[in-house]
Amino acid sequence: MSFRGYVSGQKGMTFPERWKQGPDNEKRIINRWFIMARAQATYRQEPWQLTFEDYYHFWHNNTDKRGKKAGDLTLRRIDDKQPWSKHNCELVARAVGRR
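Residues numbered from 1 in each chain as written. Predicted model: local features only at pLDDT ≥ 70, side-chain atom pairs only at ≥ 80, totals over all residues. Heavy atoms only, no water.

**Student:** Would you mind going over the nonpolar core in detail, with residue names and values included?
**Tutor:** With 16 residues, the main nonpolar core has I30, W48, L50, Y55, W59, L75 and W84 as its most contacted residues. Those elements that provide at least two residues to this core are α1 (25–43), α2 (52–59) and β1 (73–77). Ignoring any residue separated from it by four or fewer positions in sequence, one finds L75 in contact with L50, Y55, F58, W59, W84, C89, E90 and L91. (Core = buried A, V, L, I, M, F, W, Y, C linked by side-chain atoms within 4.5 Å. Buried < 20%, exposed > 50% of the residue type's maximum accessible area, 1.4 Å probe, protein only. Helix = DSSP H or I, 4+ residues; strand = E, 2+ residues; numbered from the N terminus. Contact = heavy atoms within 4.5 Å.)

**Student:** Mind laying out unusual backbone geometry, listing which residues take part and the relevant values?
**Tutor:** Within the chain, Q45 stands out as a residue other than glycine whose phi angle is a positive 60°. Within the secondary structure, Q45 is located in the loop between α1 and α2. Overall, Q45 belongs to the exposed group, its relative accessible area being 73%.

**Student:** Lay out α2 with the relevant residues and their values.
**Tutor:** Counting buried positions along α2 gives six out of eight residues, so the element sits mostly inside the fold. For α2, the full list of buried residues reads F52, D54, Y55, Y56, F58 and W59. Of the surrounding secondary structure, the elements contacted by the buried residues of α2 are α1, β1 and β2 (89–93).

Right under this line is the structure:
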């Protein structure tokens, strides 16, 4: 993975032993994405039933494919009337995900 991850304000040092998901930097990055996605769903008043493990299952082999370009992947709900859950979500290219 080319993304280095987030570092503390203490001279650019990292402290993997303090990370919530353990010393795995990929899990740390995906955990931040998870927290931001859950906060956005709460802001939009959309029900959220995904756990971190479910969210990690979607993204753990696709972290380098996430982005803002048309061919990059995004997580979307299959049925917008249902909550965000592992049975109602899929990874699709951004160009496909727009409705």
